[in-house]
Amino acid sequence: MNAPNDGYAVQISIEGDIGSCPREKFASRFPFPIDHPAPSTMSDTEKSPDTALTATPPRVPDEGATSGSGSPEIYSRSHLLRKIDYQLLPILTLLYLMSFLDRTSIGNAKIAGMDTELGLAPGEYNIALSLMFVSYVSFEIPSNIILKRLKPSIWLPSICLGWGIVTMCTGFVQSFPSLVVVRLLLGFLEAGLFPGVVFLLTVWYPRHAVVFRFTLFFSAATLSGAFGGLLARGLITLDGTGDLSGWRWIFIIEGLITIAVALSAYILVPDSPLTSRFLSRSEATSLQSLLDADSHHERQEFNWTDVRKAFKEWKVYTAAIICIGVALPTFSFALFLPSIITGLGFAATDAQLMTVPPYVAAFIFTVGTGYFSDRHKSRGVPLFIFTLIGMVGYILLLSTPADLQGVKYFATFLVAVGVFVASGLNIPWLGNNLRGQMFRATGSAVQVAVGQLGGIAGAYIYRQPNAPRYFLGHGLALGFLGMAAVVTVVQWYLLKRANLRLDKEKAEGKEDDGFRYTL
């Protein structure tokens with residue numbers, strides 16, 4: 001799961017200034033309480049996701065030891081990042097997979113008969129979908145502030161456990177009001193995961209190693225679409241078991257799986273390098289040196305000044321507008337893809353399975369583009385390209401005659417690839433360009449919270465009276481992607497101009513710490 005490296009290494013002297021520092025000196029620099037540090041990730045020094053800082057051949061030492069000649073310990077940058085990848089990414093990806101699966105499985109439940117059995121009136125299904133995003137938006141920013149006060153290893157598994165229980169309870173709802181209650185609770189509990197993980201990745205990885213890892217994590221959304229369709233197809237065969245309908249078993253089984261994942265997360269989610277159990281003391285020190293070189297001494301303590309500052313930062317709002325533009329088609333696509341495919345003329349049972357291939361394509365392109373983006377330190381250009389790809393998909397869905405089912409089905413591949421890759425690039429792009437941990441944590445939460453408003457609107461754009469062509473839904477999704485493409489160009493231009501200004505100031509002899517905005 002690693003990006004490539006050039007075979008360089010990070011060299012740390014265990015008996016030097018860093019290696020001999022007491023643990024308390026490091027712990028005092030980080031915001032997590034009870035000695036849970038959170039290193040920063042702000043630098044423009046990397047050549048690629050795993051490029052090194054010094055050209056020393058990599059070697060992995062024993063814990064706390066120096067070489068036989070007393071020379072400094074040497075750690076490959078790729079070795080350090082690989083250890084983090086193996087520990088951190090699987091559990092975070094699994095948490096997000098369950099989050100997205102539990103959120104969107106209602107789409108599979110609908111075509112399996114949920115709306116009919118609950119007696120939902122026209123529009124009530126859309127209301128239940130949108131209210132989940134209302135509670136989701138309202139708790140994202142407070143959740144990230146709580147995360148800064150508590151340990152990630154406690155907060156993230158706890159909210160996962162909560163939404164797993166709520167998902168399981170969804171399988172026992174009997175009316176529209178009870179469906180609304182569980183969807184509201186689901187939104188409150190899921191709200192903290194995405195912005196929390198976005199921030200946690202910046203704690204563990206250098207700035208230009210983040211996007212590749214973020215896309216690996218975010219690809220869980222595409223995997224949940226593929227896995228969800230297969231799982232739903234199997235679970236609806238339990239129809240009648242225990243006197244429960246097949247759609248109820250979708251929620252019950254998925255909720256139980258989520259609970260099991262949450263319990264394992266209490267053990268597997270780490271807080272920070274210097275308190276981790278999977279890194280040796282010398283490895284943690286080596287990683288901390290790498291992150292310190294990357295941080296340019298950014299602020300790491302909790303402070304309300306940076307919280308307020310985030311609400312005034314223009315980059316937060318341009319990124320949030322892009323997020324809205326991408327979120328509306330992303331969430332509406334995830335929620336209504338089974339209905340869209342059914343509208344092409346396929347049976348409901350076949351539609352469950354036909355949702356899988358578009359998500360598989362999205363997964364491949366999301367991970368591949370993340371690798372490219374980190375290697376070339378480019379965010380805006382690939383983001384713009386993939387918003388255009390998504391727009392082409394919606395244009396085909398709008399303009400292709402109904403009898404050309406194959407073309408319309410191919411268009412769903414373009415939409416899936418376009419919207420999921422664009423989402424995977426936009427979120428960490430903002431984090432790359434905010435300096436200060438609390439500033440970045442709050443800014444990222446604001447970006448995602450505002451972006452989730454697109455999810456609220458997306459819950460209403462595919463209405464049953466518009467089936468099977470769904471001109472309104474496809475048209476609005478196309479327009480929002482167009483807005484995202486335009487603002488992407490504007491943000492790229494403004495950041496480029498800011499970098500030129502910094503270069504000019506450096507040429508004039510003004511103080512320069514080497515930081516440049518990521519384009």
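Overview of the overall build of the protein
For step 1, the next point in the chain: Of regular secondary structure, the protein possesses 19 helices and two strands.
For step 2, the next point in the chain: Counting over 519 residues, the protein shows a buried share of 61%.
For step 3, the next point in the chain: For the protein, long-range pairs separated by at least 24 residues make up 84% of all intrachain contacts whose partners lie at least 6 apart in sequence.
For step 4, the next point in the chain: In the form shown here, the protein has an accessible surface area of approximately 18,400 Å², with 65% of it arising from carbon and sulfur atoms.

Some points on the pattern of salt bridges
For step 1, the next point in the chain: Counted by the stated rule, this structure contains nine salt bridges.
For step 2, the next point in the chain: Residues Glu283 and Lys83 are paired through a salt bridge, measuring 3.1 Å at the closest nitrogen-oxygen approach. Taken together, the residues span a long stretch of sequence, with Glu283 in helix H10 (residues 281–295) and Lys83 in helix H2 (residues 77–111) at a distance of 200 residues.
For step 3, the next point in the chain: Taking the relative accessible area as the measure of exposure, Lys83 reaches 26% and is therefore partly exposed.
For step 4, the next point in the chain: Here the salt bridges share partners, and the residues they tie into one network are Asp503, Asp512 and Arg516.

Considerations on the packing of helix H7 (residues 193–204) against helix H8 (residues 210–235)
Geometry of a packed helix pair, given as the angle between the helix axes and the separation of the axes.
For step 1, the next point in the chain: Across the interface, H7 lies against H8 with an axial gap of 10 Å and an inter-helix angle of 150 degrees. Of the possible angle classes, the one that applies to H7 and H8 is roughly antiparallel. Taken as a pair, H7 and H8 cross one another with a handedness that is right-handed. Touching Phe194, Val197, Val198 and Leu201 of H7 are Val210, Phe214, Phe217 and Phe218, all from H8.
For step 2, the next point in the chain: Looking at side-chain class alone, the contact of H7 with H8 contains eight nonpolar, no polar and no charged residues.

Structural notes on helix H12 (residues 314–343)
For step 1, the next point in the chain: If you check H12, its first and last C-alpha atoms are 41 Å apart, about what 30 residues at 1.5 Å a residue would give, namely 44 Å.
For step 2, the next point in the chain: The principal kink in H12, of about 65 degrees, is found at Phe336, preceding the proline Pro338 by one to four residues.
For step 3, the next point in the chain: Looking one or two places after H12, you find Gly345, whose phi comes out positive at around 110 degrees.

Brief notes about a nonpolar patch on the surface
For step 1, the next point in the chain: Side chains of Val381, Phe384, Ile385, Leu388, Val489, Trp492 and Tyr493 sit close together on the surface and give an oily, nonpolar patch of about 590 Å² of accessible area.
For step 2, the next point in the chain: Elements with a contribution of two residues or more to the nonpolar patch: helix H15 (380–399) and helix H19 (471–507).
For step 3, the next point in the chain: Take the nonpolar patch: its biggest share by element is four residues, from H15.
For step 4, the next point in the chain: Structurally, Leu388 can be placed in helix H15.

Brief notes about the confidence of the model for the protein
For step 1, the next point in the chain: Summary statistics for the protein give a mean pLDDT of 82 and a share of 84% for residues scoring 70 or more.
For step 2, the next point in the chain: H15 holds the highest mean pLDDT among the elements of the protein, 97, whereas strand S1 (residues 9–12) holds the lowest, 38.

Quick notes on the side chain of Thr387
For step 1, the next point in the chain: Following the sequence through the fold, Thr387 ends up in helix H15.
For step 2, the next point in the chain: With near-sequence residues (within four places) excluded, Thr387 lies in contact with Ala422, Leu481, Ala484 and Ala485.

Here we look at the environment of Phe212
For step 1, the next point in the chain: For Phe212, the position within the fold is in helix H8.
For step 2, the next point in the chain: Relative accessible area serves as the criterion here: at 5%, Phe212 is assigned to the buried category.
For step 3, the next point in the chain: Once the C-alpha coordinates of Phe212 and Val367 are considered, the two residues, 155 residues apart in sequence, prove to be 6.9 Å apart.

The rules behind these values
Residues numbered from 1 in each chain as written. Predicted model: local features only at pLDDT ≥ 70, side-chain atom pairs only at ≥ 80, totals over all residues. Heavy atoms only, no water. Helix = DSSP H or I, 4+ residues; strand = E, 2+ residues; numbered from the N terminus. Buried < 20%, exposed > 50% of the residue type's maximum accessible area, 1.4 Å probe, protein only. Contact = heavy atoms within 4.5 Å. Areas by Shrake-Rupley, 256 points an atom, 1.4 Å probe, with all protein chains shown as cover. Salt bridge = Lys/Arg side-chain N within 4 Å of Asp/Glu carboxyl O. Axes fitted to C-alpha atoms, helices over the stretch in contact; angles between N-to-C directions. Parallel < 35°, antiparallel > 145°, perpendicular 65-115°, else oblique. Left-handed = near helix turned anticlockwise from the far one by under 90°. Nonpolar A, V, L, I, M, F, W, Y, C, P; charged D, E, K, R; others polar. Expected span 1.5 Å × (residues − 1). Bend = angle between axes of the 7 residues up to and from the residue. Patch = residues over 30% accessible without salt bridge, like charges linked within 9 Å, V, L, I, M, F, W, Y side chains within 5 Å. pLDDT = per-residue confidence, 0-100.

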